Amino acid sequence: MITTARMGAVDRNAAALGVPQKQLMESSGNAVARVVREVASEGDSVTIVAGRGNNGGDALVAARFLDGYDLSIQLLGRPEAISTDIARENWEALEEAGYPCESVTDSAVLELGEPDVVVDAMLGTGISGELREPEASAARAINACDATVVSVDVPSGVDADTGDVPESAVEADRVVTFHDGKLGLAELDCEVRVEDIGIPAAAERYVGPGDLELGTPAPDAGTRVFVIGGGPYTGAPALSAQAALRAGAELSFLACPDSIGDVLAGYAEDLIVQAYDSDRLSPDEVDDLIETATKHDDVVVLGPGLGTADETLDAARTFLEEFEGPMVVDADALSIVPEVDTDATLVCTPNRKELAGMGGPELDDLEAGADEIEAFAADLGHVVMAKAEADVVSDGERTRISTRGTPGMVVGGTGDTLAGITAAFMGERDPLDAAAAAAYANGRAAERLEKGGGLLASDLLDELPGVIWGER
Ligand SMILES: NC(=O)C1=CN([C@@H]2O[C@H](COP(=O)(O)OP(=O)(O)OC[C@H]3O[C@@H](n4cnc5c(N)ncnc54)[C@H](O)[C@@H]3O)[C@@H](O)[C@H]2O)[C@@H](O)CC1
Ligand SMILES: [K+]
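Residues numbered from 1 in each chain as written. Chains lettered and ligands numbered in written order. Predicted model: local features only at pLDDT ≥ 70, side-chain atom pairs only at ≥ 80, totals over all residues. Heavy atoms only, no water.

1. Things to note about the coordination of the potassium ion (ligand 2)
Spelled out, the test is: For Na, K and Ca the donor cut-off is 3.2 Å, while for other metals it is 2.8 Å, and in both cases only N, O and S atoms qualify; water is not among them, so sites may look incomplete. Every angle between 85 and 135 degrees makes a four-donor site tetrahedral, while opposite donors more than 155 degrees apart, with all other angles between 65 and 115, make a four-donor site square planar and a six-donor site octahedral; other sites are irregular.
For the potassium ion (ligand 2), the full set of protein donor atoms is Asn-55 (OD1), Asp-120 (O), Leu-123 (O), Val-152 (O), Val-154 (O) and Ser-156 (OG), at a range of 2.6 to 3.1 Å. Given 6 donor atoms and angles of 67 to 174° at the metal, the environment of the potassium ion (ligand 2) is assigned as irregular.

What follows is the structure in structure tokens.
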């Protein structure tokens, strides 16, 4: 099963891999025609009712695969109103080649007659709510006639994600949907066929620009990130907090020992430092930290630069047990995740060594071990983003791999930026989607810098907005 948002992302990834949507539309149209051939006999009359989006485009392609039938092609609206180039090009090709095309500009004029088959291609996944005109009248006409109704992708009007069926929706006899099943079709009383349209498996497996779009919230999402880190180290928490801002967080807070508060504040005037009265994180601070994070609905980053003192790990353990919001767990805090029972929503970001330290698989090649990482994430019950040349992100059921990045990223601190980006995205996005998008963004930032070696994690900061807001 796939959501329509994820389907859109995979589609975009396929285009980035060199398989553009027009090619997929050709496959979809072909698949629609195959189903029409199954329900129609030679010479039967087939009426295509096409909307102005890509759902209509699929059926316009199908027309070219239906020689031998008594075809009628009705476009709902004026050809100039077709909303995508690829659908318009397919319309123009039909007109040019002399197919029986009509543009229906007044809903009252939709003359269905008594066709044997109606292809319902008014609306697919682009729909929201009750049908508007002229689609609503056309749906009534389709529902009133005796024809076998073949719906393209989804019966027009039905929400492919939720399965909501507004009163005005088309009642289909068959549905031809593409690539993968849609949750919203499961409850319908009709035959649903899932057709392969030639999307490369890599478009789902490897993160691409579609994942960036899917996992990145709007720039005004207003997420607040709260980094709990530092003590023995100062750079790591500062990098996480700054990366969160570059990835669109509205505010980035840093909770740290007061002994390093001034140092952290000195790194960047954009950070808001909340120092506690101690040399390192200890259980005494936890109640305050949880109260602050909970009150402001913060996304927490726990771990960067915390160190491994016993009292610090005790504090991290208590925080995990008691916090119930979204959080990224990185670095020194990772080792305690398997021992605690938490209601928080976690993305854990171990490198190879930390992964093994958490009781996960010992792997040289994370990509080759993706199945083991998936099994580990399932056991753990949290999203795991394992980091190396390839980053493997899994929630135990869904697994995505990012091969973006450069060898220069082995330098210290690139994991800290990744944690901060993930947190900024997690405020408004599914944790797996957020983590996958963050891996892509962090890696792309390094690629754009084109440094063979000598990359600094802090170099990535300036590059992130161009990737995230420019490439999504
Ligand atoms: N991988 C994919 O995602 C592929 C998608 N394809 C097709 O593309 C379709 C999605 O295309 P689009 O995104 O262009 O969307 P649609 O073709 O579903 O329709 C979009 C249009 O419908 C209008 N609309 C929205 N709600 C409405 C309502 N309640 N009443 C009347 N009009 C309404 C919108 O303003 C928009 O112009 C899929 O369903 C599928 O058929 C295929 O071409 C192949 C590949
Ligand atoms: K449809």
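Now that the structure has been shown, the text picks up again.
2. Considerations on the pattern of salt bridges
Between side chains of opposite charge, pairing is possible as soon as their charged atoms come close. In plain terms, the rule: One side-chain nitrogen of Lys or Arg within 4 Å of one carboxyl oxygen of Asp or Glu is enough to make a salt bridge. For helices the rule is a DSSP run of H or I covering at least 4 residues; for strands it is a run of E covering at least 2, with both sets numbered from the N terminus onward.
Scanning all chains against the criterion turns up 31 salt bridges. Glu-389 is paired through a salt bridge with Arg-352; the nearest N and O atoms lie 2.7 Å apart. Taken as a pair, Glu-389 in the loop between β14 (383-386) and β15 (391-394) and Arg-352 in helix α12 (residues 352-357) lie far apart in primary sequence, 37 residues in all.

3. Quick word on the side chain of Asp-211
Applicable threshold: We call two residues in contact when some of their heavy atoms are within 4.5 Å.
You can see Asp-211 is positioned in helix α7 (residues 209-215). Those residues in contact with Asp-211, other than ones at most four positions away along the chain, are Arg-6, Ala-9, Asn-13, Tyr-206, Arg-400, Asp-433, Ala-436 and Ala-437.

4. Looking at the packing of helix α2 (residues 21-39) against helix α4 (residues 85-96)
Selection rule: All axes here are fitted lines through C-alpha atoms, helices being fitted over the stretch that makes contact, and every angle between N-to-C directions spans 0 to 180 degrees. For this classification, under 35 degrees means roughly parallel, over 145 means roughly antiparallel, 65 to 115 means roughly perpendicular, and everything else is oblique. Definitions for this section: a left-handed crossing has its near helix turned counterclockwise from the far helix by less than a right angle. A right-handed crossing has that turn clockwise. In this classification, the charged set is Asp, Glu, Lys and Arg, the nonpolar set is Ala, Val, Leu, Ile, Met, Phe, Trp, Tyr, Cys and Pro, and all remaining amino acids, among them Gly, are polar.
In the contact formed by α2 and α4, the axes pass within 10 Å of each other and the chain directions differ by 55°. The angle between α2 and α4 places the two elements in the oblique class. For the element pair α2 and α4, the recorded crossing hand is right-handed. Across the interface between the two elements, Gln-21, Lys-22 and Met-25 of α2 pack against Ile-86, Ala-87, Glu-89 and Asn-90 of α4. When grouped by side-chain class, the residues that make up the contact of α2 with α4 number 3 nonpolar, 2 polar and 2 charged.

5. Focus on the domain arrangement of the protein
Using the following cut-off: Those domain boundaries reflect an automatic or database domain assignment. As used here, buried area is the combined drop in accessible area, with a 1.4 Å probe, of two parts when they are placed together. A 3.5 Å cut-off defines polar contacts: any pair of N or O atoms within that distance qualifies, except that in protein one atom must be a possible hydrogen donor and the other a possible acceptor, and neighbouring residues in sequence count only when both atoms are side-chain atoms.
Here the protein is partitioned into domain 1 (4-201) and domain 2 (209-470). On a C-alpha basis, the centres of domain 1 and domain 2 stand 43 Å from each other. Of the roughly 570 Å² buried where domain 1 meets domain 2, counting both sides, 54% is carbon and sulfur surface. When the buried surface of domain 1 facing domain 2 is broken down by residue, Arg-6, Arg-12 and Asn-13 rank first, second and third, together holding 72% of it. Taken together, the links from domain 1 to domain 2 amount to 2 salt bridges. Note that Asp-211 is salt-bridged to Arg-6, the shortest N-O span being 2.9 Å. In this structure, the connection of domain 1 to domain 2 is made through 4 residue pairs in polar contact (both at pLDDT 80 or more).

6. Overview of the sheet that holds strand β2 (residues 70-76)
For clarity, the cut-off: DSSP calls a pair of strands paired once it identifies at least 2 bridges connecting them.
In space, the 7 strands of this open sheet follow the order β3-β2-β1-β4-β5-β6-β7, with parallel pairing throughout. Two strands close off the open sheet at either side, each with one partner strand: β3 (101-104) and β7 (191-195). Between one strand and the next, the sheet's axes are offset by a mean angle of 20°, whatever the strand orientation. Relative to β3, α4 is tilted by about 130°, and along the sheet it contacts β2 and β3.

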